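This is what each chain is made of:
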Amino acid sequence: MTANGLAAIDGGKAPDGWEELWASDRWPLRELPHADLQIVSRGGAILFDGIAQPWLKDAAKRWARSRLLTGAAPSTMSHYVNHVSAFSGWLADRVPEVVSPTGITRTVLEDWLLSIRASGLAAGTKTSRVSAVRLFLEEQWQDGLARMPRSAAIHPGEIPSAEQQLPRGIEASVFDQLIDPANLARLASEQHRTIVLLLAFTGLRISSIVTLSRDALEIGTDGHPYLRYLNVKLRREAVIPIGPVLHEQLRRQEQFLTATLGLDGTRLLLPSPPAGRRGASRGEHHVSLKGVRHMLKRYVVIAEIRDSRGRLASWLHPHRFRHHLGTSLVNDGVPLPVIQRVLDHGSIRMTARYAHLDDETVRREMDSFHDRVNVRGERIALPVDGPLGEAAWMKERIARAKQALPNGYCGLPLVQSCPHPNACLSCPSFLTDSSFRHVHERELADTQVLRERARQNENVRLVELLAQDERSLRRILDGLDAIDAEPSVSSGIDVIDLASRRDATQPDERS
């Protein structure tokens, strides 16, 4: 079977190609003409031979063809068809009387759903299997499964919910070992060092890294280096800023490519010849996903990269670097919309998964809310631990956003009306911080002028009120002085510098 023959699936010029493809129960992934052609495993395939019922196999092929035509990744369809094959096996074993689409009734599907829930499959596998079969039945109801009862549907609420794991970063000591020049020097080639630093400093998916073009490095009009890449998952091109260490490594990679393949020997940044082939085919293919994973595992072993407990970091995989970048940016206080652009997520919902901050970050954020004083100059502390602390933090965030005053914040809940309009300096719920110091200093000077004028006019009541405001302002300023005298951690973020935040302190020379 040839790629030219299979081109008929995508509207090619060979009318017999589709017939040849349809007759086969094995559709090689690398021959399916789609946007992710370059990233699929050379040995992978969409396999239909596990589907026992001819009519179900026919429907599965129609489904795969339809989805491939609308842009589905061949590797994704391979997983989907595997789930349909498992469904086929259950039908053959449990309800062999189902010999046509008419036999797939709602009762049959309910029995199958119960079997899935009672099985020993992992939670994620259960979710994927039911989702894939549901999609298959819905999309083939009017085509390959035209006689299937319309009532035979799997409802969204019946899809088992897999426990969604939070993104997991990389321990700082482990990350530092990974990018240490002495450890990198132990790698077998310059290209391996390039792969590690690309993973560490870009957070790109492995599919985007292996498909980088040789001219991916660009220098902007600002003189800063950028990396242009293909977001394979979303099928779009994107650009991210990179730091000086990765910039220099990419220059060394270009020197390596020139020395081994020549100036025009490859269009890929990370080329790899097919197994057992040399000569003219060199540089035609990129490194494989499996090869990158294997290299990373070996790197951990040969460099003896260990975590804080002394254990080898054998759990490390390429996608962990992406989680590390996302969690690091969140913990540095970078806004989610900025992180969404850095990671090139399709939606802010995906980025929001990284918003679960670590204990150190939560503590730092909570401490920042302790840097406030009331009208008596007393520091106001929030509960830090447990649900009460989270609720108090949430209330403060809302109050600062919704009830900011010219000289501070109102500590009352949003639903409660203020009984003392325009009398904040005498209100126990009034809070303020150092960002309003200049306002309070001006208020103190104005209050002193007004109190002296009231004294001259012998307005005793006004003198008393202004004297009270003056005492409150002096206490506030004294409280702010005490806070400002303590060491503080700056939370300012330079987004332009994000790319070099990590590698700016690393030596420029590598072996």
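Up top is the structure.
Rules of the game
- Residues numbered from 1 in each chain as written.
- Predicted model: local features only at pLDDT ≥ 70, side-chain atom pairs only at ≥ 80, totals over all residues.
- Heavy atoms only, no water.
- Core = buried A, V, L, I, M, F, W, Y, C linked by side-chain atoms within 4.5 Å.
- Buried < 20%, exposed > 50% of the residue type's maximum accessible area, 1.4 Å probe, protein only.
- Helix = DSSP H or I, 4+ residues; strand = E, 2+ residues; numbered from the N terminus.
- Contact = heavy atoms within 4.5 Å.
- Patch = residues over 30% accessible without salt bridge, like charges linked within 9 Å, V, L, I, M, F, W, Y side chains within 5 Å.
- Areas by Shrake-Rupley, 256 points an atom, 1.4 Å probe, with all protein chains shown as cover.
- Salt bridge = Lys/Arg side-chain N within 4 Å of Asp/Glu carboxyl O.
- Expected span 1.5 Å × (residues − 1).
- Pairing = 2+ DSSP bridges.
- Axes fitted to C-alpha atoms, helices over the stretch in contact; angles between N-to-C directions.
- Parallel < 35°, antiparallel > 145°, perpendicular 65-115°, else oblique.
- Left-handed = near helix turned anticlockwise from the far one by under 90°.
- Nonpolar A, V, L, I, M, F, W, Y, C, P; charged D, E, K, R; others polar.
- 1 Å grid on protein atoms, 1.4 Å probe; cavity = no way out; pocket = protein on both sides within 12 Å on 5 of 7 lines; lining within 4 Å.
- Points joined across faces, edges and corners; volume = space filled by probe spheres on them.

Attention now goes to the nonpolar core. If you look at the biggest cluster of nonpolar residues, it comprises 42 residues, and the most contacted ones within it are Leu198, Phe201, Leu227, Tyr299, Ile305 and Phe321. Listing elements by their share of this core, those giving two or more residues are helix H7 (172–178), helix H9 (190–202), helix H10 (206–210), strand E4 (225–231), strand E5 (236–241), helix H11 (244–261) and helix H12 (289–302). Broken down by element, this core gets its largest block of residues, 7 residues, from H9. Setting aside residues no more than four positions away along its own chain, tyrosine 299 makes contact with Gln177, Leu178, Asp180, Asn183, Leu184, Leu187, Val196, Glu304 and Ile305.

Before going further, it helps to spend a moment on a nonpolar patch on the surface. The grouping of Val301, Ile302 and Leu312 at the surface amounts to a nonpolar patch, some 210 Å² of accessible area in total. As for its position among the elements, valine 301 is in helix H12.

Attention now moves to helix H3 (residues 54–69). Here H3 is 16 residues long and its end C-alpha atoms lie 23 Å apart, about the 22 Å a rise of 1.5 Å per residue gives. The set of residues buried in H3 consists of Trp55, Leu56, Lys57, Ala59, Ala60, Lys61, Trp63, Ala64, Arg67 and Leu68. Downstream of H3 by a residue or two, glycine 71 has a phi angle that is positive, lying close to 105°.

Bringing the pairing of E4 into the picture now. Burial along E4 is one-sided: the face carrying Pro225, Leu227, Tyr229 and Asn231 is buried and the face carrying Tyr226, Arg228 and Leu230 is not. Both strand E3 (residues 217–219) and E4 contribute to a ladder of 3 bridges, which runs antiparallel. From the neighbouring strand, isoleucine 219 faces E4, where its bridge partner is proline 225. Counted along the chain from E3 to the antiparallel partner E4, the turn is 5 residues long, and its residue glycine 223 has a positive phi close to 80°. Strand direction decides the pairing type here: E4 and E5, joined by 6 bridges, are antiparallel. Bridge assignment links asparagine 231 to a residue of E5, and that residue is arginine 236. Two successive antiparallel strands, E4 and E5, enclose a turn made up of 4 residues, where arginine 235 displays a positive phi of approximately 55°.

The strand order across the open sheet formed by 3 strands is E3-E4-E5, and the pairing between neighbours is antiparallel. On the outer flanks of this sheet lie E3 and E5, each paired with one strand and no other. Neighbouring strand axes in the sheet, compared pairwise and without regard to direction, differ in orientation by 35° on average. Taken strand by strand, H11 contacts E3 and E4, and its axis lies near 120° from that of E3.

Time to look at the packing of H3 against helix H4 (residues 74–94). Relative to each other, H3 and H4 sit at 160°, their axes nearing to 11 Å. In terms of orientation, H3 lies roughly antiparallel with respect to H4. H4 is crossed by H3, and the crossing has right-handed handedness. Note on element contacts: H4 touches H3 through Pro74, Met77, Tyr80, Val84, Phe87, Ser88 and Leu91, opposite Leu56, Ala60, Trp63, Ala64, Arg67 and Leu68. Per-class residue counts for the contact of H3 with H4 are 11 nonpolar, 1 polar and 1 charged.

For the structure shown, the criterion picks out 1 cavity of 30 Å³ or more. By volume, the largest cavity is sized at about 30 Å³. In terms of lining residues, the largest cavity is bounded by Leu204, Arg205, Ser208, Tyr229, Asn231, Arg322 and Leu343. For the lining of the largest cavity, the per-class residue count stands at 3 nonpolar, 2 polar and 2 charged.

Considering all chains together, one arrives at 21 salt bridges under this definition. Between arginine 311 and aspartate 307 there is a salt bridge, with its nearest N and O atoms 3.0 Å apart. What makes aspartate 307 buried here is its relative accessible area of 9%. Across the pair arginine 474 and glutamate 470 runs a salt bridge, and its minimum N-O distance is 3.1 Å. Here the residue arginine 474 and the residue glutamate 470 both occupy positions in helix H19 (residues 460–484), the gap between them amounting to 4 residues, near one helical turn. By relative accessible area, which is 40% here, arginine 474 ends up partly exposed.

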